[in-house]
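Close look at the chain arrangement
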Amino acid sequence: MGVSHTLSLGAVGLSVASYYLYQHFWRDTEMCFQKKIESKDLHLQLNAKLFGQHIAKTVVLSAITGFINNPEPKKPLTLSLHGWTGTGKNHISKIIAEAIYKGGLRSKYVHLFVSTLHFPHAENINMYREQLQTWIRGNVSLCPRSIFIFDEMDKMHPGLIDAIKPYLDYYDELQGTSYQKSIFIFLSNAGGDIITQTVMDFFNQGKKREEIKLNDLDPILQMQIFNNKKSGLWHASLIEKHLIDFFIPFLPLEYQHVEMCAREELMSQLGLVDEDIVKKITDEMTYYPKDKQLFSVKGCKTVASKLNSYL
């Protein structure tokens with residue numbers, strides 16, 4: 001057996017051992033988050049791992065650090081992330097989780113719900129509402145700094161998410177439990193069309209995408225999501241009662257951003273960047289609209305899988 005093969009097996013062994021230790025030791029001894037977080041550390045992570053999303057970076061950095069470092073927040077922090085697939089919504093959720101808990105998404109204090117997996121049948125909506133309330137109550141009672149991530153909000157049955165409204169409101173406590181230090185994050189493709197249209201309008205006016213501000217999108221984004229019958233936030237009291245703190249748009253990604261994703265993925269997997277592979281991966285992606293070829297249809301979602309064919 002060659003030295004490189006021995007080292008490879010050794011690396012695999014260490015990886016498996018690390019995972020086992022996390023699952024059976026660190027995860028069991030993990031503490032509910034109590035300390036503050038450094039703005040500069042989160043800023044570095046966002047800059048290193050999230051591309052083409054200047055609005056999301058700015059809002060998330062300010063919202064998360066301000067909320068975590070506030071010893072007495074008046075309500076839970078609630079973020080609603082919107083944009084087409086592959087633009088970075090799941091990625092930024094992972095960055096947030098890792099900034100607060102060492103285990104990130106694997107932490108026992110971070111809870112991920114996927115609409116099509118956890119709430120698939122419309123006829124069971126009343127049961128889902130009860131289960132969701134019970135789950136949130138139980139976990140926040142164990143750790144006030146719990147994080148709840150709801151993916152595929154655009155596929156959630158309308159009316160279900162309002163079951164958690166009391167926990168997002170301005171209450172000091174409910175039945176002996178305070179929810180004011182918890183974080184709720186909603187991920188949705190809803191609003192992707194209006195976000196893309198806004199970017200196109202700026203492009204056609206000769207403006208840079210970096211000139212787009214949150215105020216350019218926030219009002220129309222909220223209105224479209226509230227009135228979208230295919231969205232889990234359709235006529236949601238969470239919007240009506242202004243309990244969602246930030247509606248954060250994720251802009252469609254351009255060729256240059258896919259290049260950045262490919263470089264970051266190469267560095268993550270190999271510790272080096274091969275520009276020939278970066279170009280091949282980026283060129284393989286499909287772009288729209290047909291006449292301009294500006295935006296990646298799948299954002300950066302398939303970059304990692306495409307990279308595997310070159311390794």
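Above: the structure in question.
Residues numbered from 1 in each chain as written. Predicted model: local features only at pLDDT ≥ 70, side-chain atom pairs only at ≥ 80, totals over all residues. Heavy atoms only, no water.

Counting secondary structure elements, the protein chain contains 13 helices and seven strands. Against the 2.2 N^0.38 benchmark of 19 Å for 311 residues, the protein chain shows a C-alpha radius of gyration of 21 Å, consistent with a compact globule. Considered along the principal axes of its C-alpha atoms, the protein chain spans approximately 60 × 55 × 40 Å. Taking the contacts inside the protein chain whose residues are at least 6 apart along the sequence as the reference set, 75% of them involve residues at least 24 apart. Of the roughly 16100 Å² that the protein chain leaves accessible, carbon and sulfur atoms contribute 55%. Side chains of the protein chain give 34 positive and 33 negative charges; the mean places of these two sets differ by 1 Å. (Helix = DSSP H or I, 4+ residues; strand = E, 2+ residues; numbered from the N terminus. Rg over C-alpha atoms; globule rule 2.2 N^0.38 Å. Contact = heavy atoms within 4.5 Å. Areas by Shrake-Rupley, 256 points an atom, 1.4 Å probe, with all protein chains shown as cover. Lys, Arg positive; Asp, Glu negative; His and termini not counted. Charge placed at Lys NZ, Arg CZ, Asp CG, Glu CD.)

This next bit is on the packing of aromatic side chains. Scanning the entire structure with this criterion turns up 10 aromatic pairs. Measuring from centroid to centroid gives 4.7 Å for Tyr167 and Tyr179, while their planes differ by 35°, and the two rings are tilted. Placement of the pair is Tyr167 in helix H7 (residues 165-168) and Tyr179 in the loop between H7 and strand E4 (183-188), with a sequence separation of 12 residues. Accessibility assignment for this pair places Tyr167 and Tyr179 in one class, buried. Centroid distance Tyr255 to Tyr287: 5.8 Å. Interplanar angle 35°. Geometry classified as tilted. With Tyr255 in helix H11 (residues 255-270) and Tyr287 in strand E6 (residues 287-288), this residue pair connects regions lying 32 residues apart in the sequence. The class of Tyr255 is partly exposed, set by a relative accessible area of 30%. Under the relative-accessibility criterion, Tyr287 is labelled buried at 9%. Over the face of the ring belonging to Tyr170 we find Lys75, whose NZ or CZ atom lies 6.0 Å from the ring centre. (Phe/Tyr/Trp six-rings, centres within 6.5 Å; stacked < 30°, edge-to-face > 60°. Buried < 20%, exposed > 50% of the residue type's maximum accessible area, 1.4 Å probe, protein only. Lys NZ or Arg CZ within 6 Å of the ring centre and 35° of its normal.)

Okay, the sheet that holds strand E2 (residues 110-114) next. Taken in spatial order, the five strands of this open sheet run E2-E3-E4-E1-E5, and their pairing is parallel. Unpaired on one side and paired on the other, E2 and strand E5 (246-249) mark the two borders of the sheet. Within the sheet, the average angular offset between the axes of one strand and its neighbour, ignoring direction, is 15°. Of the pairings in the sheet, the one linking E2 to strand E3 (residues 147-151) comprises five bridges and is parallel in character. Bridge pairing in E3 links Leu112 to Ile149. (Pairing = 2+ DSSP bridges. Axes fitted to C-alpha atoms, helices over the stretch in contact; angles between N-to-C directions.)

This part is about the side chain of Glu30. Summarising the element assignment, Glu30 is placed in the loop between helix H1 (3-29) and helix H2 (39-49). One polar contact links the side chain of Glu30 to the main-chain amide nitrogen of Lys108, over a distance of 3.4 Å. (Polar contact = N/O pair within 3.5 Å; in protein donor to acceptor, adjacent residues only side chain to side chain.)

It is worth spelling out the nonpolar core at this point. Note that soluble globular proteins tend to have their nonpolar side chains buried in a common cluster. One finds Ile64, Ile136, Phe150, Ile161 and Ile164 to be the most contacted residues of the largest nonpolar core, which totals 71 residues. For this core, the element with the highest residue contribution is helix H3 (residues 54-68), accounting for nine residues. Once residues lying within four places of it in the same chain are set aside, the contact partners of Ile64 are Ile37, Leu42, Leu77, Leu79, Ile96 and Ile183. The next biggest cluster of nonpolar side chains, apart from the first, holds 14 residues, and it includes Phe51, Cys261, Leu266 and Cys300. (Core = buried A, V, L, I, M, F, W, Y, C linked by side-chain atoms within 4.5 Å.)

This part takes up unusual backbone geometry. Here the residue pair Tyr288 and Pro289 is connected by a cis peptide bond, since its omega of -5° sits within 30 degrees of zero. Within the element layout of this structure, Pro289 appears in the loop between E6 and strand E7 (295-296). Even without being glycine, Gln175 reaches a positive phi, approximately 50°. Mapped onto the elements of the fold, Gln175 is located in the loop between H7 and E4.

This part covers the state of the cysteines. Within the structure shown, the criterion is met by two disulfides. Residue pairing for Cys32: its cysteine sulfur links by disulfide to Cys143, the two sulfurs lying 2.0 Å apart. Disulfide Cys32-Cys143: the torsion about the S-S bond is 75°, which places it as right-handed. Of this pair, Cys32 sits in the loop between H1 and H2 while Cys143 sits in the loop between helix H6 (125-142) and E3; the two residues are 111 residues apart in sequence, bridging distant segments of the chain. Classification of Cys32 as buried rests on a relative accessible area of 13%. (Disulfide = S-S within 2.5 Å.)

Distances and angles like these do not, on their own, reveal function.
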